[in-house]
Structure formats: C-alpha cells, structure tokens
Amino acid sequence: MRQYIGVIVKSFEISIKQLLIYRTTAILTILFSTLFIIAEILSVTVFFQFTDSIAGWGQSKVILLVATATLIQHMYNFLFIMQHEAFSYMILEGELDYILIKPLNTLFLSSIRIFDLPSLANMIIPIAMIRYIYQDFSIVWYQWVIYALLVILGVTQYYYISQLMVSLAFWVENSESFVALPEYLFAFATKPRAIYPKYIQIILGYGVPILMMTNLPIEVISGDETSILMIYSVAVTFVLKKLVDLQWSIGLRRYQSAN
C-alpha cells in the first residue's frame, strides 16, 4: 500500500511541474471549462422560464443533475483522462514497457501517472452549485453520504467504461475514436433519463450505465426509493471491473514489447 501511495504522491508532484510549464494553457482550459459550465446552468434557468418541469423534474433537481454530471466528468478527467488519451501512443511506441517492468499492478500504473490539475479547479463550480441548491431539498445526513458514495461509484464506472474503450488499442491500431466514445455518450447524462425513449433508458441506464451514474444520486437526494437500483449499480461496477481485468490480461499477452 505504501508503494501505491508513493506512486500517487510522485505523480501529483510531476503534474504540478507540468502545470507550471504549461500554465497559460492550463489557465485557458480552466477559463473555457468554467464558461461552459456556467452557460449550461444558465440554459437550464432560461428553459424553466417556459415550463415548470422536465419529465417531472423541477428546476432545482435538473440543476443538481447538471452539477453532479459535471462533477463526475471532471473527477474522471482529473484522475484518468491524461493516461487514457496517451494510451494508444504508448502501445504503438512500445512505451508500455516502462510500466510492465515495475513490481506493481500494471493496470493501476497505466491509469495513475499524470493528474489533469485544471480539472481539479473545474470541480469548484459544480460543488458550489450543489452546496447552494441543496437548500431546496429536505436532506438528512445519510442521504449526503449515499450521494457522495454514488458519485464516486459513477466516476469508477466511467473509468471502467473508458478503460474498456482505451484497451482496444491492443487490437486496433487507430483506436482514438473509441477513446472519445464514453465522453460522447456522457452528453446524455445531463438530462433526466425519463425524457428518453424506453430503449435508450435500457441501453444507457442498465447496459452501459451512463444515465444511472448521474440520475441515481439525484434520486437519492430527492428521497425516491432507489435501493434496488443502488444494488444493481454496485453489481454493474463489479462486472465492469471483471471485464476490464480480463481484457487487460488478454491484451498484455498480445502486446509486443519495443525491446
């Protein structure tokens, strides 16, 4: 465990150094992402000038959904996006060798190397929105605990789905389009799942749990009965982990070292 903590600390130190080198790019990234988040929340406010609800969801509930989805997205980006975007290059150039020779879990090392620090800054606004909007709900402390756990679970699911796409680089030479697929699908997650046709709800709610990642925490905050869905979400996470581990193991057998 101490070795893994040491890797995380060292990765964070390297990330800070990279941020200082490319600080202008980092500032612009934070600025544009912040403007995008604000614009999305304002669009919800404008929309509710013409209606009272979306699929039975009021304005506060939809804003909380947008903020939660944004938080999950940036938590994933902070932890994993840098590695996932570079993974195809590592396979093609044989740079995975440097990970395979280390006496630690290779999947962990390939996933946690550089942190995207601008994404850490971009979590401030959604957290502030969640803190502000919670006043519109009657929430007890354990609901917040479950909410936080479900957000972490959503980030974990996002990571596993992205990792399944990323690891296709072991078999597909030009796999960049697969890497972006989870992000495209996640665009659906900022809306209440009830607005989508039933087949979309089934595919993106239960098959690939994009909608569940964001909708389920809000339903907990709203006091809806979600026990079965929470159990299902945990089970889906376990299945995704097993699939990722199996794919990684098979992929490493196919990998051809540069040396």
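Everything quoted here is computed from the prediction, not taken from an experiment.

Caption draft 1: A look at a nonpolar patch on the surface. Residues Val140, Trp141, Tyr142, Val145, Leu149 and Ile152 make up a contiguous nonpolar surface patch of about 640 Å² in total accessible area. Structurally, Val140 can be placed in the loop between helix H7 (124–133) and helix H8 (141–166). Judged by its relative accessible area of 37%, Val140 falls in the partly exposed class.

Caption draft 2: Examining the environment of Met123 more closely. Along the chain, Met123 turns up in the loop between helix H6 (117–121) and H7. Residues Met123 and His74, 49 residues apart in the sequence, show an inter-C-alpha distance of 6.3 Å. Filtering out sequence-adjacent residues up to four positions away, Met123 remains in contact with Leu71, His74, Met75 and Phe78.

Caption draft 3: Representation of the packing of aromatic side chains within the structure. Summed over all chains, the structure comprises 16 aromatic pairs. Relative to Phe115, the ring of Phe78 lies with its centre 5.2 Å away and its plane at 25 degrees, an arrangement referred to as stacked. Taken as a pair, Phe78 in helix H3 (residues 59–93) and Phe115 in the loop between helix H5 (106–111) and H6 lie far apart in primary sequence, 37 residues in all. Of the two residues, Phe78 and Phe115, both sit in the buried class.

Caption draft 4: Quick peek at H7. When we look at burial in H7, the residues that qualify are Pro126, Met129, Ile130 and Ile133. Seen from one end, H7 has its buried residues packed into an arc of 100 degrees, which puts them on one side. For H7, the exposed residues set more than 90 degrees away from the buried face come down to Ile124, Arg131 and Tyr132. Of the surrounding secondary structure, the elements contacted by the buried residues of H7 are helix H2 (23–47), H3 and H8.

Caption draft 5: The pattern of salt bridges, seen in detail. Inspection of the entire model under this criterion finds four salt bridges. Put simply, Asp245 and Lys241 hold a salt bridge, and the shortest N to O gap is 2.8 Å. Residue Asp245 and its partner Lys241 are located together in helix H12 (residues 227–254), separated by four residues, close to a single helical turn. You can call Asp245 partly exposed: its relative accessible area is 30%.

Caption draft 6: Structural context of the packing of H2 against H7. The interhelical angle for the contact between H2 and H7, taken along N-to-C directions, is 30 degrees, at an axis separation of 10 Å. Overall, the two elements H2 and H7 adopt an arrangement that is roughly parallel. The segment H2 lies against H7, with Thr34, Ile37, Ile38 and Ile41 engaging Ile125, Pro126 and Met129. Class assignment for the residues of the contact of H2 with H7 results in six nonpolar, one polar and no charged.

Caption draft 7: Expanded view of the UniProt feature "transmembrane region" (unreviewed entry) in the protein. On the UniProt side, "transmembrane region" (unreviewed entry) is annotated at positions that read residues 20–50, 62–82, 140–161 and 199–221 here. Helix and strand shares over residues 20–50 are 87% and 0% respectively, and the end C-alpha atoms of the span are 45 Å apart. In the segment residues 199–221, helix accounts for 91% and strand for 0%; the C-alpha atoms at its two ends are 26 Å apart.

Caption draft 8: Focus on the environment of Glu85. Along the polypeptide, Glu85 turns up in helix H3. Assessed through its relative accessible area of 57%, Glu85 is described here as exposed.

Caption draft 9: Inspection of the nonpolar core at higher detail. In terms of nonpolar packing, the biggest core is built from 64 residues, with Phe87, Leu96 and Phe186 touching the most fellow members. When contributions to this core are tallied by element, the ones reaching two or more residues are H2, H3, H5, H7, H8, helix H10 (198–207), helix H11 (210–221) and H12. The dominant element in this core, judged by the number of residues it contributes, is H3, at 17 residues. Other than its neighbours up to four places away in sequence, Phe186 contacts Ala69, Ile72, Gln73, Tyr158, Ile210, Met213 and Thr214. Of all hydrophobic cores here, the second largest spans six residues; its members include Leu150, Met212, Leu216 and Val220.

Parameters at a glance
Residues numbered from 1 in each chain as written. Predicted model: local features only at pLDDT ≥ 70, side-chain atom pairs only at ≥ 80, totals over all residues. Heavy atoms only, no water. Patch = residues over 30% accessible without salt bridge, like charges linked within 9 Å, V, L, I, M, F, W, Y side chains within 5 Å. Areas by Shrake-Rupley, 256 points an atom, 1.4 Å probe, with all protein chains shown as cover. Salt bridge = Lys/Arg side-chain N within 4 Å of Asp/Glu carboxyl O. Helix = DSSP H or I, 4+ residues; strand = E, 2+ residues; numbered from the N terminus. Buried < 20%, exposed > 50% of the residue type's maximum accessible area, 1.4 Å probe, protein only. Contact = heavy atoms within 4.5 Å. Phe/Tyr/Trp six-rings, centres within 6.5 Å; stacked < 30°, edge-to-face > 60°. Arc of directions from axis to C-beta. Axes fitted to C-alpha atoms, helices over the stretch in contact; angles between N-to-C directions. Parallel < 35°, antiparallel > 145°, perpendicular 65-115°, else oblique. Nonpolar A, V, L, I, M, F, W, Y, C, P; charged D, E, K, R; others polar. UniProt positions renumbered as here; feature names shortened; annotations may be inferred. Core = buried A, V, L, I, M, F, W, Y, C linked by side-chain atoms within 4.5 Å.

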